[in-house]
Amino acid sequence: MAELKVLFTRDQIAQRVCELAQEITCDFEGQPVIFIGVLKGASIFLSDLARRVQLDATFDFIGVSSYGSQKQSSGEVRLTKDVEQPLTGKNVILVEDILDTGLTTMYLKRMLLAHEPRTFKIAALLDKACRRTQDVKADYVGFTISNLFVIGYGMDYNERYRNLADICVLPTDRPESAHALDK
Ligand code: IMP
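Overview of the structure. (Residues numbered from 1 in each chain as written. Predicted model: local features only at pLDDT ≥ 70, side-chain atom pairs only at ≥ 80, totals over all residues. Heavy atoms only, no water.)

Below, the discussion takes up the environment of aspartate 82. Along the chain, aspartate 82 falls in the loop between β4 (73-81) and β5 (91-99). Residues aspartate 82 and leucine 112, spaced 30 residues apart in sequence, show a C-alpha to C-alpha distance of 9.9 Å. For aspartate 82, the contacting residues outside a window of four places in its chain are Phe61, Ile62 and Met111. (Helix = DSSP H or I, 4+ residues; strand = E, 2+ residues; numbered from the N terminus. Contact = heavy atoms within 4.5 Å.)

Pairing is antiparallel across the open sheet formed by three strands, whose spatial order is β1-β9-β8. For this open sheet the edge positions go to β1 (5-8) and β8 (150-151), each flanked by a neighbour on one side alone. (Pairing = 2+ DSSP bridges.)

If you walk through the whole model with that rule in mind, you get 10 salt bridges. Between lysine 40 and glutamate 159 there is a salt bridge, with the nearest N and O atoms lying 3.1 Å from each other. Note that lysine 40 is positioned in the loop between β2 (33-39) and α2 (43-52) and glutamate 159 in the loop between β8 and β9 (167-169), a separation of 119 residues in sequence. Using a relative accessible area of 36% as the deciding quantity, one classes glutamate 159 as partly exposed. Of the charged contacts, one joins arginine 131 and aspartate 100 as a salt bridge, the two residues approaching to 2.8 Å between their closest N and O atoms. On the criterion of sequence distance, the pair formed by arginine 131 in the loop between β6 (119-127) and β7 (140-144) and aspartate 100 in the loop between β5 and α3 (103-113) is long-range, its members being 31 residues apart. Several salt bridges share partner residues, and in doing so they unite Lys40, Asp156, Glu159 and Arg162 into one network. (Salt bridge = Lys/Arg side-chain N within 4 Å of Asp/Glu carboxyl O. Buried < 20%, exposed > 50% of the residue type's maximum accessible area, 1.4 Å probe, protein only.)

With 18 residues, helix α1 (residues 10-27) extends 26 Å from end C-alpha to end C-alpha; this agrees with the ideal 26 Å at 1.5 Å per step. Of all the residues in α1, the buried ones are Ile13, Arg16, Val17, Leu20, Ala21, Ile24 and Thr25. (Expected span 1.5 Å × (residues − 1).)

Everything listed here is a matter of coordinates, which is why it stays silent on function.
Here you go:
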């Protein structure tokens, strides 16, 4: 394995996830919420966040992939797995690993809002705000980062490195291929 530079340690991540969970607990005090994790990248973030939130919470997962070649995502998003419970009238929190261009989140936001939830919020562990092409932002952000390609804590490069406990920077030029296919 190439040498990896740690961007956020497991302790820094745990601390920040705890703070986000407290914010969500305050915002939804006394109300049930549904977390919807975007597969696969958000799975670890969701499981840590959900366990820190002190609310009546359930969770579900949604899957998407982007059309495009290995080298370049076309920006067309396709649903590969839908949610499995009714969202109408519920407090829905979409849980994302990274908000990058915003194409995926915009697609999911439109799709989930069509269910007419009571409230709709977005929690993103990382925000690459400088890469945004869509008018979308997260309500809860773990860390804002520059244009780095990161791996670990659920995030992958060609399906590898998701199981790293720390968030690391891949020491290569930014690999567009990791944006193209399964998350
Ligand atoms: P967007 O549609 O351009 O916002 O892309 C969002 C998705 O691209 C994220 O949910 C990730 O799955 C993936 N992605 C974007 N940047 C990175 C990265 O630095 N590492 C790993 N995956 C990334």
